[in-house]
Amino acid sequence: MVAPTPPEAERLAAVRAALPALAAGIYLNTGSVGPLPAETAAAMADIAEYELTTGRSHADYFDETLQRMAEARAAVAAVLTADVDDIALTHATTDGMNMGVWSIDWRAGDKAVTTTLEHPGGVGPLYRLRDRLGIELAFVDVAAAGDDEALLAAFEAAIDDRTRAVVISHVLWATGTVLPVAAIAEIAHAREAIVVVDGAQSAGAIPVDLAATGADVYAISAQKWLLGPEGMGALAIGPGARERVSPTFAGWFSFAESDSAGTARPWPTARRFESSGYHRPSVVGMARSIGWLSMFVGLDWVYERGGSMAARAADRLAAIPGVEVLTPRDRMATIATFRIAGWTPEAALDELGARVFAVARTIPLVDAIRICVGFFSSEDELERLAGAVELLAAHTPETLPSRRRLTILDGP
């Protein structure tokens, strides 16, 4: 018999109780690092304790580690609606983006197309290729394109027969805009370009189907919307791209067993992109967090509630005079980026942190504040944030009413 789904308020309370960091403030920075489930922290602590008291060098423990890595790959595959053979473990999205970009057989005169609002982890390797090989970089101005139709037209104009790769985000880290990756991939593939996608702000925030995105390479992080530990991530290689991309290194995990002649054979799957040196507690933590989201919380609820709460926050902020929301309402995921007239993002965020304990960040690239709204966010928290923004928008830094201050007195 399947247990009935608890009422919304009861379900939210249980989820929030399992995420202790939510008690420290209004948690709005999952796009950088998400709150760690208590269950994940406990599992990681157990492994760390075992390593301390029993050691790490026994062959049985190594075999156990390989099994835990397999579980982590399987967990990622479920989130990306992919086959487990498509998945390789990495240490971060930036790690995966570098692997994807450098896996292409570049030649002088080749071209790469990206956008003006990509994360440094995605465009960094492109700049390096430009400096080393002289490839051409073309930037599509995402902010100037008012809708998907205009954006696709810009990509159509930028991608030509010299284009070897299109490097884009599924969800832009700076504005939270969801890009039409499948349509962009169709344009790229028509010219035989490889599509490398930064999925740091999408995996765990919105539904992802690897095949449907059209991505050849899709990189994600564990610590953001998947609520896992830092220092872990994953790389998905689309089946159609396995013969077109190859790692630029040959780590221990790049090879399967030796053949009859004693020659090490490369894995025929995405595992050939794996290196070594994985922190074992973090491997377990990544799998446990994804399992917690999938089985305890439920991914459908994660996506539905996260999206609806983010839309609620964006609508509330947009209704405040003096507030400009940069995130397009019809193309948003779980991130909202905004500006307050008369305030620098740094000064405004400092006030929001002091007045309502909002934990968010500024994005210098667009000179704005970014909030990341999770499925665990409450209506009360978002209203308290909006109320504080409303107060700031009605004043300048000079006219803002003083806030209560807590003075800590020295002891005798």
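These lines cover the structure that appears in this document, whether it is placed above or below. Please read these numbers as outputs of a predicted model, since none were measured by experiment.

Quick notes on the rules
- Residues numbered from 1 in each chain as written.
- Predicted model: local features only at pLDDT ≥ 70, side-chain atom pairs only at ≥ 80, totals over all residues.
- Heavy atoms only, no water.
- Helix = DSSP H or I, 4+ residues; strand = E, 2+ residues; numbered from the N terminus.
- Rg over C-alpha atoms; globule rule 2.2 N^0.38 Å.
- Buried < 20%, exposed > 50% of the residue type's maximum accessible area, 1.4 Å probe, protein only.
- Contact = heavy atoms within 4.5 Å.
- Areas by Shrake-Rupley, 256 points an atom, 1.4 Å probe, with all protein chains shown as cover.
- Lys, Arg positive; Asp, Glu negative; His and termini not counted.
- Charge placed at Lys NZ, Arg CZ, Asp CG, Glu CD.
- Salt bridge = Lys/Arg side-chain N within 4 Å of Asp/Glu carboxyl O.
- Core = buried A, V, L, I, M, F, W, Y, C linked by side-chain atoms within 4.5 Å.
- Arc of directions from axis to C-beta.
- Pairing = 2+ DSSP bridges.
- Axes fitted to C-alpha atoms, helices over the stretch in contact; angles between N-to-C directions.
- Phe/Tyr/Trp six-rings, centres within 6.5 Å; stacked < 30°, edge-to-face > 60°.

**Focus: the overall build of the protein chain**
Then comes step 1: Scanning the protein chain for helices and strands turns up 12 helices and 15 strands.
Then comes step 2: Against the 2.2 N^0.38 benchmark of 22 Å for 412 residues, the protein chain shows a C-alpha radius of gyration of 23 Å, consistent with a compact globule.
Then comes step 3: Projected onto the principal axes, the alpha-carbon positions of the protein chain cover approximately 80 × 60 × 55 Å.
Then comes step 4: Taking all 412 residues of the protein chain together, 53% fall into the buried category.
Then comes step 5: Nonlocal contacts in the protein chain, meaning residues at least 24 apart in sequence, comprise 72% of its contacts between residues at least 6 apart.
Then comes step 6: Accessible area for the protein chain stands at about 18100 Å²; split by element, carbon and sulfur atoms hold 55% of it.
Then comes step 7: For the protein chain, the separation between the mean place of its 34 positive charges and that of its 52 negative charges on side chains is 3 Å.

**What about the pattern of salt bridges?**
Then comes step 1: With the rule as written, the count across this model stands at 22 salt bridges.
Then comes step 2: Here Arg-384 ties to Asp-380 by a salt bridge, and the two come within 3.0 Å at their closest N and O atoms. With Arg-384 and Asp-380 both in helix H12 (residues 379-393) and four residues apart, the pair spans about one turn of that helix.
Then comes step 3: What makes Arg-384 partly exposed here is its relative accessible area of 37%.
Then comes step 4: In the salt-bridge network here, residues are joined through shared partners; they are Glu-8, Arg-305 and Glu-379.

**Points about the nonpolar core**
Then comes step 1: Ranked by internal contacts, the top residues of the largest apolar core, which has 76 residues, are Leu-80, Phe-155, Val-166, Tyr-218, Trp-292 and Phe-375.
Then comes step 2: Examining the composition of this core, we find that seven residues originate from one element, helix H9 (residues 280-297), more than from any other.
Then comes step 3: Met-309, Ala-314, Ile-320 and Ala-336 belong to the second largest nonpolar core, which has 30 residues in total.

**Here's the deal with helix H7 (residues 181-190)**
Then comes step 1: Val-181, Ile-184, Ala-185, Ile-187 and Ala-188 are the residues of H7 that are buried. Buried residues of H7 fall within an arc of 160° about the axis and therefore sit on the same side. Along H7, the residues that are exposed and aim more than 90 degrees away from the buried face are Glu-186 and Ala-190.
Then comes step 2: On its buried face, H7 is in contact with helix H6 (148-158), strand S5 (163-169), strand S6 (194-198) and helix H8 (210-213).
Then comes step 3: Glu-192 sits one or two residues past H7 and shows a positive phi near 65°.

**Here's the deal with the sheet that holds strand S3 (residues 111-115)**
Then comes step 1: Taken together, seven strands build an open sheet; the order of strands is S2-S8-S7-S6-S5-S3-S4 and the sheet is mixed. The open sheet has two edge strands with one neighbour each: strand S2 (87-90) and strand S4 (136-140). Mean inter-strand twist for the sheet, computed between neighbouring axes without regard to direction, equals 20°.
Then comes step 2: Relative to S4, helix H5 (residues 120-133) is tilted by about 145°, and along the sheet it contacts S3, S4 and S5.

**A few points about the environment of Ala-21**
Then comes step 1: Tracing the chain through its elements places Ala-21 in the loop between helix H1 (8-17) and strand S1 (26-27).
Then comes step 2: Exposure remark for Ala-21: the relative accessible area of 32% places this residue in the partly exposed category.
Then comes step 3: Here the alpha-carbon distance between Ala-21 and Ala-38, two residues 17 residues apart in the chain, equals 9.2 Å.
Then comes step 4: If we skip the residues at most four places from it in the chain, Ala-21 touches Tyr-27 and Pro-35.

**Structural notes on the pairing of strand S15 (residues 368-372)**
Regular strands have side chains that alternate between both faces of the sheet.
Then comes step 1: Where burial is concerned, most of S15 is hidden: five out of the five residues are buried.
Then comes step 2: Residue alternation in S15 divides its side chains into two sets, Ala-368, Arg-370 and Cys-372 and Ile-369 and Ile-371, and both sets are buried.
Then comes step 3: Pairing analysis gives four bridges linking strand S12 (residues 335-340) to S15, with the strands arranged antiparallel. The partner of Ala-336 across the bridge, within S15, is Ile-371.

**Some details on the environment of Gly-176**
Then comes step 1: Position of Gly-176 relative to the elements: it lies in the loop between S5 and H7.
Then comes step 2: On the accessibility criterion, Gly-176 (0% relative accessible area) is buried.
Then comes step 3: Separated by 16 residues in the primary sequence, Gly-176 and Glu-192 have C-alpha atoms spaced 28 Å apart.
Then comes step 4: If we skip the residues at most four places from it in the chain, Gly-176 touches Val-171, Thr-327, Arg-331, Met-332, Ala-333, Ile-335 and Thr-337.

**Description of the sheet that holds strand S14 (residues 361-363)**
Then comes step 1: Pairing is antiparallel across the open sheet formed by four strands, whose spatial order is S11-S12-S15-S14. Strands with a single pairing partner mark the edges of an open sheet, and in this sheet they are strand S11 (323-325) and S14. If you compare each strand with its neighbour and ignore which way they point, the axes differ by 40° on average.
Then comes step 2: Contacts between helix H10 (residues 299-318) and the sheet are confined to S11, S12 and S15, with S11 contributing the most and set at about 145° to the helix.
Then comes step 3: On top of the sheet, helix H11 (residues 345-356) reaches S12, S14 and S15; it is set at about 45° to S15, its chief contact.

**What about the packing of aromatic side chains?**
Then comes step 1: As enumerated under the stated definition, the model contains six aromatic pairs in all.
Then comes step 2: Arranged with centres 5.1 Å apart and planes meeting at 40°, the rings of Tyr-50 and Tyr-61 form a pair that is tilted. Of this pair, Tyr-50 sits in helix H2 (residues 38-53) while Tyr-61 sits in helix H3 (residues 59-79), and the two are 11 residues apart along the sequence.
Then comes step 3: Note on Tyr-50: relative accessible area 36%, which makes it partly exposed.
Then comes step 4: Seen in terms of ring centroids, Trp-292 and Phe-296 are 5.6 Å apart; in terms of plane orientation they differ by 20°. Their pairing is stacked. One end of the pair is Trp-292 and the other is Phe-296, both in helix H9 and four residues apart, which spans about a single turn.
Then comes step 5: Exposure remark for Trp-292: the relative accessible area of 3% places this residue in the buried category.
Then comes step 6: Here a set of aromatic residues connected by ring pairs shows up, and it is made of Tyr-27, Trp-301, Phe-375 and Phe-376.

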